[in-house]
Amino acid sequence: MASVARLLDSRLGRLGVQFAKFGAVGIVGLVVDTVVLYAGLALGLQFFAARVPSFFAAATATWALNRAFTFRGAADEPLHRQWAKFIAANAIGGVVNYGVSVGLESSVQMVADHPFLAVAAGSVAGMFFNFAASKHLVFKGA
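Residues numbered from 1 in each chain as written. Predicted model: local features only at pLDDT ≥ 70, side-chain atom pairs only at ≥ 80, totals over all residues. Heavy atoms only, no water.

In the annotation of an unreviewed UniProt entry, the protein chain is listed under the name GtrA-like protein and assigned to Azospirillum palustre. The UniProt entry for the protein chain carries the following comment under Subcellular location (unreviewed entry): "Membrane". Note on the protein chain: under the UniProt heading Sequence similarities (unreviewed entry), the record states "Belongs to the GtrA family." (UniProt positions renumbered as here; feature names shortened; annotations may be inferred.)

And the structure:
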């Protein structure tokens, strides 16, 4: 037990815990993304168009949760500025997310039949980049 506590208290252990929190927040973001996506589809939007508001809704939700939970203790700055930095820093991950989801939805019938699969695959594809960008560019010092 002491070795587990020592590992969790190490730099690598703290990073692992932070990444796990980031992943948990990402699951919430995935739910928000999916709900907004399906709402857009129900309103008659095409998949690629519905992904735009669903991404921004999920990014805003994950920014707020990461600020309060994952990267608590980061350098404080005005909310609007930090949100804008989060969106900008995660834009590349967002492009990866969007590209993977739209590419799969348009080329794999099972994914087209179940759009949640496209959202999930896109989220995983962008997650690793987004963690590094969030940690080092947005929530410095956490």
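Alright, that's what it looks like, and here's the rest.
A. How the structure looks around the overall build of the protein chain. Within the protein chain, the regular secondary structure consists of seven helices and zero strands. Principal-axis analysis of the C-alpha atoms gives the protein chain an extent of 50 × 35 × 20 Å. Across the 142 residues of the protein chain, 34% fall into the buried class. Long-range contacts, defined here as pairs at least 24 residues apart, represent 71% of the contacts in the protein chain between residues at least 6 apart. Element-wise, carbon and sulfur atoms account for 73% of the exposed surface of the protein chain, whose accessible area totals about 7,900 Å². Here the protein chain contributes 11 positively and 6 negatively charged side chains, and the mean placements of these two sets differ by 14 Å. (Helix = DSSP H or I, 4+ residues; strand = E, 2+ residues; numbered from the N terminus. Buried < 20%, exposed > 50% of the residue type's maximum accessible area, 1.4 Å probe, protein only. Contact = heavy atoms within 4.5 Å. Areas by Shrake-Rupley, 256 points an atom, 1.4 Å probe, with all protein chains shown as cover. Lys, Arg positive; Asp, Glu negative; His and termini not counted. Charge placed at Lys NZ, Arg CZ, Asp CG, Glu CD.)

B. Inspection of the layout of surface pockets at higher detail. Quantified by volume, the largest pocket comes out at close to 390 Å³. Along the walls of the largest pocket sit 22 residues, with Gly 26, Thr 62, Asn 97, Ser 123 and Asn 130 positioned nearest its centre. Across the lining of the largest pocket, the residue classes tally to ten nonpolar, eleven polar and one charged. Of the voids in this model, the second largest pocket is the one considered here, and its volume is about 250 Å³. (1 Å grid on protein atoms, 1.4 Å probe; cavity = no way out; pocket = protein on both sides within 12 Å on 5 of 7 lines; lining within 4 Å. Points joined across faces, edges and corners; volume = space filled by probe spheres on them. Nonpolar A, V, L, I, M, F, W, Y, C, P; charged D, E, K, R; others polar.)

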